[in-house]
Amino acid sequence: MAMAILLRPHPFSLLIPLSLFSLLLNTAFCFHPKLFNVSKLQSDSDWSPAGATWYGPANGAGSDGGACGYVDAVEKAPFSAKVSAGGPSLFQSGKGCGACYQVKCTENAACSGSPVTVTITDECPGCVSESTHFDLSGTAFGAMAKSGQADQLRNAGVLQIQYKRVECEYPGTSVVFHVDSGSNPNYFASLIEYEDGDGDLASVDLQQGLDSDIWVPMQRSWGAVWKLDYGSELRAPFSIRLTALESGNTLVAKNVIPAGWEPGKTYRSLVNFDG
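Colleague: Whenever I open this one, the packing of aromatic side chains confuses me. Can you help?
Modeller: Here a ring pair, both rings aromatic, is described through the centre-centre distance and the interplanar angle of the planes. Scanning the entire structure with this criterion turns up 10 aromatic pairs. A ring pair is formed by Tyr 170 and Tyr 194, whose centres lie 6.2 Å apart and whose planes are at 70°; its orientation type is edge-to-face. One end of the pair, Tyr 170, is in the loop between strand 6 (159-166) and strand 7 (176-179); the other, Tyr 194, is in the loop between strand 8 (187-193) and strand 9 (201-208), with 24 residues separating them in the sequence. Aromatic rings pair up to connect Tyr 70, Phe 79, Tyr 170 and Tyr 194 into one cluster. Above the plane of the ring of Tyr 101 lies Arg 165, whose end atom (NZ or CZ) is 5.6 Å from the centre.

Colleague: How should the nonpolar core be read in this particular structure?
Modeller: Ranked by size, the top nonpolar core spans 24 residues in total, and within it Phe 177, Phe 188, Ile 192, Val 204, Ile 240, Leu 242 and Ile 257 carry the most contacts. Taken together, the elements giving at least two residues each to this core come down to strand 7, strand 8, strand 9, strand 12 (225-229), strand 13 (238-244) and strand 14 (250-257). Each residue touching Phe 188, except ones within four places of it in the same chain, is listed here: Val 179, Ser 183, Leu 206, Met 218, Trp 226, Lys 227, Leu 228, Leu 234, Phe 238, Ile 240, Ile 257 and Trp 261. Of all hydrophobic cores here, the second largest spans 22 residues; its members include Val 116, Phe 134, Ala 140 and Ala 145.

Colleague: Explain the sheet that holds strand 8 here, please?
Modeller: Strands pair in a sheet through their backbones, by hydrogen bonds, and they do so in one of two ways: parallel or antiparallel. The five strands lie next to each other as 11-12-8-7-15, forming an open sheet whose pairing is antiparallel. Looking along the sheet, the strands with just one partner apiece sit at the ends: strand 11 (219-222) and strand 15 (266-268). Averaged over all pairs of adjacent strands, the angle between strand axes in this sheet comes to 35°, irrespective of strand direction. Bridging between strand 11 and strand 12 involves three bridges; their strand directions are antiparallel. Among the inter-strand pairings, Gln 219 is bridged to a residue of strand 12, identified as Lys 227.

Colleague: I'm lost on the state of the cysteines in this one. Help?
Modeller: In a disulfide, the sulfur atoms of two cysteines are covalently bonded to one another. As enumerated under the stated definition, the model contains four disulfides in all. Between the sulfur atoms of Cys 105 and its disulfide partner Cys 111 the distance amounts to 2.1 Å. Of note, the bridge from Cys 105 to Cys 111 carries an S-S torsion of about -115° and is left-handed in sense. For the pair Cys 105 and Cys 111, a shared accessibility class is recorded, and that class is buried.

Colleague: Would you explain unusual backbone geometry in this entry?
Modeller: Of all residues except glycine, most have a negative phi; of all peptide bonds, most are trans. For the bond running from Ala 77 to Pro 78, omega is 10°, close enough to zero to count as cis. Inspection of the secondary structure assignment puts Pro 78 in the loop between strand 1 (48-55) and strand 2 (83-86). Omega for the bond connecting Ala 236 with Pro 237 falls within 30 degrees of zero, at 5°, which places this linkage in the cis form. As for its position among the elements, Pro 237 is in the loop between strand 12 and strand 13.

Colleague: Hey, could you run me through the sheet that holds strand 6 in this one?
Modeller: With respect to topology, six strands assemble into a closed barrel ordered 1-5-2-4-3-6, the strand pairing being mixed. Going from strand to strand, the sheet's axes swing by 50° on average, the running direction of each strand aside. Bridging between strand 2 and strand 4 (residues 116-123) involves four bridges; their strand directions are parallel. For Gly 86, the partnering residue across the bridge sits in strand 4 and is Glu 123.

Cut-offs and rules
- Residues numbered from 1 in each chain as written.
- Predicted model: local features only at pLDDT ≥ 70, side-chain atom pairs only at ≥ 80, totals over all residues.
- Heavy atoms only, no water.
- Phe/Tyr/Trp six-rings, centres within 6.5 Å; stacked < 30°, edge-to-face > 60°.
- Helix = DSSP H or I, 4+ residues; strand = E, 2+ residues; numbered from the N terminus.
- Lys NZ or Arg CZ within 6 Å of the ring centre and 35° of its normal.
- Core = buried A, V, L, I, M, F, W, Y, C linked by side-chain atoms within 4.5 Å.
- Buried < 20%, exposed > 50% of the residue type's maximum accessible area, 1.4 Å probe, protein only.
- Contact = heavy atoms within 4.5 Å.
- Pairing = 2+ DSSP bridges.
- Axes fitted to C-alpha atoms, helices over the stretch in contact; angles between N-to-C directions.
- Disulfide = S-S within 2.5 Å.

Now the structure itself:
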């Protein structure tokens, strides 16, 4: 009887393995692409060549905020002077402000070969001798050196280095909005800083009042400063929505700019992008 069953299988028994195979195949294609992105995994381990110089005080932050508008924040935590001006391909007319990179050097005897994380906070429009160029702060340039050899490395002046894009990480820090001193009831502008993740922004939108569901797009004024020239009186509090440039992730700082806000004041949100 057992042999008869094996020799004459039920017609539907052939469909079971095929159905299981089809189910497994369809399930495999249901993965979200961000969870299995081979190119992303590969890019995280790749280093690319770039040129590097340094500017400003030997142990300083380059310039006082530079073309991104971060002013004296570049000297303080979480930037802690480990910042860089970017050549045109890094600065991207201001779109690159806030992006984070790791840099390292090996060609000089004083190089440690260990990576240093820097944030783009300024522009170096004349840095065009290579396709990618970092004009690092004195602090960041020296941080690529072996212990006790920072001055020796800075004396080299110009280096060929390696770099790669990394996520920004500012532990315990939320996104901060510094309202531009030229803001008024009809015009609102703000410097936005300390974004985890991408670090740079594709778009910013503003929502007025407590009962509105309308998001009004802001425009990049310059660097990391975004503006809204509304043409009539704006109703606070303002919620601000950020969209990251590379990942497209969004973040909403709900009612971060309060009623009675003042130009020149800084308002700290309670949120940040997930790293």
